[in-house]
Amino acid sequence: MSIDIKRRSLKKRNSGGAKSYEGDSFVQNFEKRGAREIIIIDAAGKPVRSTVSQRRTYMYAAQLQPLAKMSRNVVRDLDPANDVTFLRIRSDSHEVHMSLNPEFIVVVIQKLKIRKH
């Protein structure tokens, strides 16, 4: 059985008011490393910038921002001198990297390569 995986580009086309990420060095830097989706969330949990649809962006922001708060609280409960700066979540098909900062959260989602056994 052969599985064909097509790579989807992060570059959005400028159609009907959509933001164009052509030539955006921030997006290109992550794209070179295999990133599929990039979302930046502010301290209030509101998405500031994203390379995915608005619906998907708000879905991720609504679920990941509380997770970041909970992980920070757990670490601080264990040791008040420590803080969470990076969170990595991995499933069978995707990997979510979250860089946590008091002012914003950068979320990078990668699709994992399927390994043949």
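Residues numbered from 1 in each chain as written. Predicted model: local features only at pLDDT ≥ 70, side-chain atom pairs only at ≥ 80, totals over all residues. Heavy atoms only, no water.

Asker: Help me understand the sheet that holds strand β3 (residues 86-90) in this model?
Answerer: Strand pairing in a sheet relies on backbone hydrogen bonds, with the paired strands running either antiparallel or parallel. Ordered in space as β2-β1-β5-β4-β3, the five strands form an open sheet in which the pairing is antiparallel. Two strands lie at the open edges of the sheet, namely β2 (47-50) and β3, each paired on one side alone. Neighbouring strand axes in the sheet, compared pairwise and without regard to direction, differ in orientation by 15° on average. By the bridge criterion, five bridges tie β3 to strand β4 (residues 94-100) in an arrangement that is antiparallel. Residue pairing in the sheet places Arg88 in a bridge with His97 of β4. (Pairing = 2+ DSSP bridges. Helix = DSSP H or I, 4+ residues; strand = E, 2+ residues; numbered from the N terminus. Axes fitted to C-alpha atoms, helices over the stretch in contact; angles between N-to-C directions.)

Asker: How should I be thinking about the confidence of the model for the chain in this particular structure?
Answerer: The predicted structure's coordinates, where accompanied by low pLDDT, should not be read in detail. Summary statistics for the chain give a mean pLDDT of 77 and a share of 68% for residues scoring 70 or more. The secondary-structure element of the chain with the lowest mean pLDDT is helix α1 (residues 25-32), recorded at 64, while β3 shows the highest, at 93. This stretch, residues 1-18, has a pLDDT under 50; its non-local contacts, to residues over four places away or in other chains, come to 33 contacts. (pLDDT = per-residue confidence, 0-100. Contact = heavy atoms within 4.5 Å.)

Asker: I keep staring at the nonpolar core and nothing clicks. Help me out?
Answerer: Generally speaking, nonpolar side chains in soluble globular proteins are found buried as a group. The biggest cluster of nonpolar side chains holds 15 residues, and the ones touching the most others in it are Met98, Ile105 and Val107. Elements with a contribution of two residues or more to this core: β1 (35-42), α2 (54-78), β4 and β5 (104-111). Looking at this core, the element that brings in the most residues is α2, giving four residues. When neighbours within four sequence positions are excluded, Ile105 is seen to be in contact with Ile39, Ile40, Ile41, Gln65, Ala68, Met98, Ser99 and Leu100. Within the second largest apolar cluster, five residues are counted, among which are Ala35, Ile38, Ile40 and Val108. (Core = buried A, V, L, I, M, F, W, Y, C linked by side-chain atoms within 4.5 Å. Buried < 20%, exposed > 50% of the residue type's maximum accessible area, 1.4 Å probe, protein only.)

Asker: Would you mind going over the side chain of Thr51 with me for this structure?
Answerer: Locating Thr51 in the fold gives a position in the loop between β2 and α2. Residue classification places Thr51 among the buried residues on the basis of a relative accessible area of 9%.

Asker: Explain the side chain of Glu95 here, please?
Answerer: Structurally, Glu95 is set in strand β4. For Glu95, the residues in contact, after removing those within four places along its chain, are Arg88, Ile89, Arg90, Val108, Ile109, Gln110 and Leu112.

Asker: How do you make sense of α2 when you look at a structure like this?
Answerer: Since the α-helix advances by 3.6 residues per turn, residues separated by three or four positions end up pointing in the same direction. Helix length check: α2, at 25 residues, gives a terminal C-alpha distance of 36 Å against a target of 36 Å (1.5 Å per residue), a fit within 8%. Of all the positions in α2, only Thr57, Tyr60, Ala61, Leu64, Gln65, Ala68, Ser71 and Arg72 are classed as buried. Those residues of α2 that are buried lie in contact with β1, β2, β3, β4 and β5. (Expected span 1.5 Å × (residues − 1).)

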